[in-house]
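Architecture and fold: a report
Each chain, written out:
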Amino acid sequence: YLVERVEKLERGDWVEFQTQDGGKLKAKVSWRSPISRKLLFVNAQGIKIADKNVAELVEEVRRGEATIVDPVVA
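Computed from a prediction, not measured in an experiment: that's the story for all the values here. (Residues numbered from 1 in each chain as written. Predicted model: local features only at pLDDT ≥ 70, side-chain atom pairs only at ≥ 80, totals over all residues. Heavy atoms only, no water.)

Each aromatic ring pair is characterised by the separation of its centres together with the angle its planes make. Counted by the stated rule, this structure contains 1 aromatic pair. Seen from their ring centres, F17 and F41 are 5.1 Å apart, and the 85° between their planes marks the pair as edge-to-face. One end of the pair, F17, is in strand β1 (residues 14-18); the other, F41, is in strand β3 (residues 38-42), with 24 residues separating them in the sequence. Taken individually, F17 and F41 each receive the classification buried, so the pair is uniform in this respect. (Phe/Tyr/Trp six-rings, centres within 6.5 Å; stacked < 30°, edge-to-face > 60°. Helix = DSSP H or I, 4+ residues; strand = E, 2+ residues; numbered from the N terminus. Buried < 20%, exposed > 50% of the residue type's maximum accessible area, 1.4 Å probe, protein only.)

Read from one edge to the other, the open sheet built from 5 strands follows the order β4-β3-β2-β1-β5, with strand pairing classed as antiparallel. Both outer strands of the open sheet, β4 (48-53) and β5 (66-69), are each paired with one neighbouring strand and no more. Sheet twist, expressed as the mean angle between neighbouring strand axes with direction ignored, is 35°. Where β3 and β4 come together, 5 bridges link them in antiparallel fashion. Bridge pairing links L40 to D51 in β4. (Pairing = 2+ DSSP bridges. Axes fitted to C-alpha atoms, helices over the stretch in contact; angles between N-to-C directions.)

By size, the foremost hydrophobic cluster in this structure holds 15 residues, and its most contacted members are V6, L9, V15, F17, F41 and L57. Put simply, the parts of the chain that give this core at least two residues each are α1 (2-7), β1, β2 (24-32), β3, α2 (54-62) and β5. Per-element accounting of this core gives the leading share, 4 residues, to α2. Discounting residues that sit within four places of it in the chain, V6 has contacts with R32, V54, L57, V58 and I68. (Core = buried A, V, L, I, M, F, W, Y, C linked by side-chain atoms within 4.5 Å. Contact = heavy atoms within 4.5 Å.)

Let's shift gears to the pattern of salt bridges. The final tally for this structure, using the stated rule, is 8 salt bridges. The closest approach of N and O atoms between K8 and E4, which form a salt bridge, is 3.7 Å. Residue E65 pairs with R63 through a salt bridge whose shortest N-O separation is 3.0 Å. The exposure class of E65 is partly exposed, given its relative accessible area of 29%. (Salt bridge = Lys/Arg side-chain N within 4 Å of Asp/Glu carboxyl O.)

Quick look at the structure:
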């Protein structure tokens, strides 16, 4: 289920990453490579936060170091 959820992330979807100091940092998917399956994450100001492949992100979610933010339904 988790792998499927990460693979379905699209541009504009948000993920919350845990920082080194225990804080949280929200970042959205800005771009997704169709070849390498890498995801590029940026913060609200559009500054690059991270790039991760699907396997890396799945592991971070499993370890509790990242959380996929559910979209708010209005």
